[in-house]
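Inside the fold
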Amino acid sequence: MQRFLNEYRFGMREIETKLSILREDFEHAHAYNPIEHVSSRLKTMDSIAEKADRKGLEPSIAAIRESILDIAGVRVTCSFVTDAYRLFELLVRQDDITVREVKDYIANPKDNGYKSLHAIVEVPVFLSTGPVQVPVEVQFRTIAMDFWASLEHKIYYKYDKQVPGRLTDSLRDAALTAAELDDRMERLHRELHGERPAPVAPLQLLARGDGGPTAA
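Residues numbered from 1 in each chain as written. Predicted model: local features only at pLDDT ≥ 70, side-chain atom pairs only at ≥ 80, totals over all residues. Heavy atoms only, no water.

Named according to an unreviewed UniProt entry, the chain is RelA/SpoT domain-containing protein originating from Microbacterium gilvum.

Right, let's talk about helix 4 (residues 81-92) for a bit. Over its 12 residues, helix 4 extends 17 Å from the first C-alpha to the last, a length consistent with the 16 Å expected when each residue adds 1.5 Å. Most of helix 4 is tucked away, with 10 of its 12 residues classed as buried. V81, D83, A84, Y85, R86, L87, F88, E89, L91 and V92 are the residues of helix 4 that are buried. (Helix = DSSP H or I, 4+ residues; strand = E, 2+ residues; numbered from the N terminus. Expected span 1.5 Å × (residues − 1). Buried < 20%, exposed > 50% of the residue type's maximum accessible area, 1.4 Å probe, protein only.)

It is worth spelling out the UniProt feature "domain: RelA/SpoT" (unreviewed entry) in the chain at this point. UniProt marks residues 40-163 with the feature "domain: RelA/SpoT" (unreviewed entry), using the numbering shown here. The span residues 40-163 shows a helical share of 36% and a strand share of 33%, and its end C-alpha atoms are spaced 27 Å apart. (UniProt positions renumbered as here; feature names shortened; annotations may be inferred.)

Positionally, M45 belongs in helix 2 (residues 45-54). Considered as a pair, M45 and M1 are 44 residues apart in the sequence and their alpha carbons are 8.2 Å apart. Apart from the residues lying within four places of it in its own chain, the contact partners of M45 are M1 and L5. (Contact = heavy atoms within 4.5 Å.)

Attention shifts here to the packing of aromatic side chains. Tallied over the full model, the rule gives five aromatic pairs. Look at F26 and Y32: their rings are 6.2 Å apart centre to centre, the planes differ by 65°, and that puts the pair in the edge-to-face class. Using a relative accessible area of 12% as the deciding quantity, one classes F26 as buried. The class of Y32 is buried, set by a relative accessible area of 15%. Ring centres of Y114 and W148 lie 6.4 Å apart, and the angle between their planes is 50°; on these two criteria the pair is classed as tilted. In this pair, Y114 sits in the loop between strand 3 (98-104) and strand 4 (117-127) while W148 sits in helix 5 (residues 143-158), placing the two residues 34 residues apart along the sequence. Overall, the relative accessible area of 9% leaves Y114 in the buried class. Ring-pair connections join several aromatic residues into one group, and the members of that group are Y105, Y114 and W148. One cation-aromatic arrangement involves K110 over Y105; the distance from NZ or CZ to the ring centre is 4.9 Å. One cation-aromatic arrangement involves K110 over Y114; the distance from NZ or CZ to the ring centre is 5.3 Å. (Phe/Tyr/Trp six-rings, centres within 6.5 Å; stacked < 30°, edge-to-face > 60°. Lys NZ or Arg CZ within 6 Å of the ring centre and 35° of its normal.)

See the structure below:
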């Protein structure tokens, strides 16, 4: 099991390294850093087993490998919405990245107000036994989105997911406020630094074959 988890740990490191290179190169080329913060997490075996049980999977590594794609996760926090899309584009256009799935909750927020861009990408990891393709979930969001999601998670944890209606209504209102803040800060940024080429929307990027074979 440790060997199995190591594959995902190494895949996570590969994505973190790619993002670190993009951040440093972008800063040198454009005198601007699009990444505020990068964090990562690896599911525990207990968490993996619980998810496998919820999905009705047989308790085998093969079944888990095929059906649970978010064992390794990387979160990229950006200043602006355009940065989230641009970093997604720069990452998935790399030759060794394969896109398994994309969910654009920025363009299409969840009912509770949640906004973030989720992508499952596969990256090759070269082990002593040979190369393996490892799926990693990468989330791109703004600082405002990240703050909202952190608060929402704490509230749902406190109430064991049975959140009173008044709080869910307040969370939706807060999500709208966060979106307005993102729009306002983006406009201020454009006034200071001028217009930048708009990044390609994720599903348009994948539809024309630039970032991998599949999207959701």
